[in-house]
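Chain residues, written in single-letter form:
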Amino acid sequence: MNEVSVTFLDSLAQSRVLPDPNWIDRVRNSLEQQSVELLADDRFIAQELVRRRLLTPFQANELLEGRGRQLRIGPYILTDQIGIGGMGTVYAARHEETGSTVAIKVLAPQLKQDAGMRARFRLEATAGQRVRHAGLVATYGIGLTDDVFGEVDYMVMEHFPGLALNELTALNGPVLWSAACDMVCQSAAALGCLHRDGMVHRDVKPENLLVDGGGRIKLIDFGLALLEAPGSLAADGSQGDEFSLTMLFGHDCLGTVDYMAPEQSLDGQSADQRSDIYSLGCTFFVLLSGRRPYTGNDRKQIRDAHRTLPTPRLDHLAPKVPQSVIDLVARMMAKDPADRPASMDEVILALAPFAIRQPIRFDYQKLIDARLAAVRKKSGVHATSTATTGSRAKSSAIASRDSQLQSLRRTAIASETEKPVSDPSMPTLPPPTRRVMQDSAAEIAAQIVASCHQCTAAPPAQLHQADGTCIPLTPPRLTIGRHRQNHLPLDVADLSSHHCELSLVDGHWIIRDTNSKNGLFINDTRVREHRLRPGDKIRLASRTTFRFEQVTSATGLPAAQPATEQSQGSSHRVLIAAVIALVATLSAVAWYALAR
């Protein structure tokens, strides 16, 4: 029996990737029965295991390269490589017991001796675990592994198969302005949650905002997050960690110069929520125009441009965008923080009337391949600039591995459409379920029309507090209570942890009591559930009150009645007019016939 092939199968067994260790012997026996020569071909064995869905292409490639032991981190089995960044590599992984899919970020091996970067990595995990919001990629935990990559930090996060907004504009150019308004609204809601928890992101940019096929946005990468306001000391010592990164390790990580607020480039510790508003404004500019606000030959020129040059306008770059949206982008990018919107809520309130969510069409696997290819190409260019015989050989080896991985991916794609394998002696897993975006332009158009109808049926809604504060309601729901995981957390003694919930149902906002202790009242009457109408007074327990309003235009004027009721009244009037016209016509015809 061929020694190399035995080593490959032994490596597979040692990796503990397969759910049943007995499958290794079954694979070997099945191949021996077909032909002893097959055991001499490592690539054939790898392709056969991929075809039978026992391995992913990534796993097969790692085993062929002798890195089978690196396919496990704690209780997780790596299934694919989905991104590479300055801090490390991100993998898709499966929990060996629950089968749940997560993303695992592993600190780059070359940084494991850098105490400052390891502290930064831990701060990122702390920030991610500290707050929960639908628009934030969740962080589940952090760990240290010493049996896979040596002693290296890793972070377990929510797996969100999304396209970064810079990738979206690179593929399709500027985004339709109504969809861009929705993306920025979602981003502002996520950032507003961070700000209410005393955090500043400090690195808001298109690369850190992901959008999925349904148009949902999630904010990622808390590596530069400032966990407390400058000068304060967090109870968990996070501000002390931030201080030590700057003073001891020299890691005063300011952000990305193309989107950095002027005051942040002067002192990263002084950044506040208005700095994030500036960065989001720059991101908004890119979505609408397809270009960055400022350019330069180096980082210093770009940084100085943000500080000194006039704020660029979108009037000529994006002439179809409503003037009020163009003016808002300019306000968000104002040099003086005092001239910007005061909070993310103000941004949401201004954009809500224009926001329409739309589906985004992309192939996630092709996107991953393109990301990794871009990183390898960049590395290859660097290697070519200092070319030696060794670097050329290394580049050739990388190209060979890329070709090998692509071949394995083609095998996996083919296996999803072919008939099930009939060999009962060799195990086969069922094909993965995959949501496929339809190629039909009519279906995509129908989804866009549906989203337009939803926008028409549900005018932007707000909760008005007694002090004049307006809280915009963004679909599909908003929860209120004392617990910080609510969309609107309120530290009021007589409120329950999860007091009530507002949700958009068939174009109407419904408010429900979620088993609160002290009750939900609408117009001073206690209710369990109520369909809200403009002007309704909402009271939670004894002293927390709101007024519900809907707006019909960018002017923010309250709606007299829901749009659906208006449309129904209009339809009734048209029907009555048609009946009257028909009766009149028939009467005229009858009179004319009798007259003859």
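Quick caveat, the model's predicted, so the values are computed rather than measured.

Enquirer: Run through the environment of Thr-469, naming residues and quoting values.
Expert: The residue Thr-469 is located in the loop between strand S10 (461–464) and strand S11 (470–473) in this model. For Thr-469, a relative accessible area of 34% translates into the label partly exposed. Beyond its immediate stretch of four places on either side in the chain, Thr-469 contacts Leu-463 and His-464.

Enquirer: With reference to specific residues and values, describe the environment of Val-204.
Expert: For Val-204, the location among the structural elements is in the loop between helix H7 (177–196) and strand S8 (209–211). Along the chain, Val-204 and Thr-283 lie 79 residues apart, while their C-alpha atoms are 7.7 Å from each other. Once residues lying within four places of it in the same chain are set aside, the contact partners of Val-204 are Leu-191, Tyr-259, Asp-276, Ser-279, Leu-280 and Thr-283.

Enquirer: Please set out helix H6 (residues 165–172) residue by residue, giving values where relevant.
Expert: Within H6, the full set of buried residues consists of Leu-165, Glu-167, Leu-168 and Thr-169. Gly-173, located one to two residues past H6, shows a positive phi value of around 80°.

Enquirer: Got a sec to walk through the side chain of Glu-263? Specific residues and values, please.
Expert: Topologically, Glu-263 is positioned in helix H9 (residues 262–266). Given the relative accessible area of 15%, Glu-263 is considered buried. Excluding anything up to four places from it in sequence, Glu-263 contacts Ser-270, Arg-274, Ser-275, Lys-335, Pro-337 and Arg-340.

Enquirer: Give a description of the sheet that holds strand S16 (residues 520–522) that names residues and reports values.
Expert: Read across the open sheet, the six strands follow the order S11-S10-S20-S19-S16-S17; overall the sheet is antiparallel. Of all the strands in the sheet, just S11 and strand S17 (525–527) have a single pairing partner and so form its edges. Recorded for the sheet is a direction-independent mean angle of 30° between the axes of neighbouring strands. Where strand S19 (residues 537–540) and strand S20 (residues 544–550) come together, four bridges link them in antiparallel fashion. Each bridged residue has a counterpart across the sheet, and for Ile-538 the counterpart in S20 is Phe-546.

Criteria and thresholds
- Residues numbered from 1 in each chain as written.
- Predicted model: local features only at pLDDT ≥ 70, side-chain atom pairs only at ≥ 80, totals over all residues.
- Heavy atoms only, no water.
- Helix = DSSP H or I, 4+ residues; strand = E, 2+ residues; numbered from the N terminus.
- Buried < 20%, exposed > 50% of the residue type's maximum accessible area, 1.4 Å probe, protein only.
- Contact = heavy atoms within 4.5 Å.
- Pairing = 2+ DSSP bridges.
- Axes fitted to C-alpha atoms, helices over the stretch in contact; angles between N-to-C directions.

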